[in-house]
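Survey of secondary and tertiary structure
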Amino acid sequence: STYNLSSSFADNQGPNATSFVSETGGGRATWIHDRHLDYGHVYGTRRNRWITTGLYDLPYGHDRRFGSGSNRVVDEILGGWQLSGIFLWQTGPYLTPYSSGNDPSGTGSGTLFGRNQHPDRVAGVSFVPQNRTRKHWLNPAAITCPGTPGYTTGHPCLIGSNPGTTLAPIGRFGTAVVGSIIGPGTVNLSAGLHKTFPIGSRAHLQLSGSFTNVLNHVNLADPNTNMGSSQFGQINSARTSDFSGARTGQLSARVEF
């Protein structure tokens, strides 16, 4: 059984990292002259991660607690099975709210170079809503469009996008930092059942069945973090990494000689 408590920061993830750092870096840097704008928790780092593996000989069959007096046929069928399991519990990835198509800084970062932008963080308001559900995973009141009074999420943030018709740039970037949201965690139990049958003196037949997410526990994927989307804060799918998707199983037979 192992437990990891981790913390990792970087400035190369871009303004909306949704995976490990790649060439695009979450839509590329917000502004090439200040890398610190995109400094924050690394997406792929899980703050808490606990993994436990186990191997257990089922106590049935000859020389075991139960069924020691069973006949040979029963012992061959029911005795000598081995159970294995892997249990995973971890907290979610670090996510970042973002907007697109606007340019509050007036640097051209959004309108000229197409970089996604950081919203403003509303002081004292948590991203965690009351009565959290998959359709209401994030509190929309926790962020706002920079320099835009009365803004509500689900609508385009237009500041600086067209100075002739929209609000003029305010000369700064948004205050919501990279990695300020923690996504849904993962709970997963995978298990297998195995037995080896002797075939003569030199060969063995191994039968096994293995299942991922044997309890079929639903692990939610990341929520929508685009504040201009009508689905901001909603989760519409399940996570598939770490074998945490829907339960799968396979049966196998193997002859060793």
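Counting residues in each nonpolar core, the largest one holds 16 residues, and the members touching the most others are Phe127, Leu138, Cys145, Cys157 and Met227. Leave out the neighbours within four places in its chain, and cysteine 157 touches Ser99, Ser100, Gly101, Asn102, Cys145, Pro146, Tyr151 and Met227.

Let's shift gears to unusual backbone geometry. The phi angle at asparagine 131 is positive, at roughly 55°, despite the residue not being glycine. Overall, the relative accessible area of 69% leaves asparagine 131 in the exposed class. Positive phi outside glycine occurs at phenylalanine 243, with the angle close to 55°. Judged by its relative accessible area of 61%, phenylalanine 243 falls in the exposed class.

A word on the pairing of strand E10 (residues 186-199). Where strand E5 (residues 82-90) and E10 come together, nine bridges link them in antiparallel fashion. Residue pairing in the sheet places glutamine 82 in a bridge with histidine 194 of E10. The sheet contact formed by E10 and strand E11 (residues 203-212) spans nine bridges and is antiparallel. Bridge pairing in E11 places proline 198 opposite histidine 204. Counted between consecutive antiparallel strands, the loop separating E10 from E11 contains three residues, among which glycine 200 sits at a positive phi close to 70°.

Calculation criteria
Residues numbered from 1 in each chain as written. Predicted model: local features only at pLDDT ≥ 70, side-chain atom pairs only at ≥ 80, totals over all residues. Heavy atoms only, no water. Core = buried A, V, L, I, M, F, W, Y, C linked by side-chain atoms within 4.5 Å. Buried < 20%, exposed > 50% of the residue type's maximum accessible area, 1.4 Å probe, protein only. Contact = heavy atoms within 4.5 Å. Pairing = 2+ DSSP bridges. Helix = DSSP H or I, 4+ residues; strand = E, 2+ residues; numbered from the N terminus.

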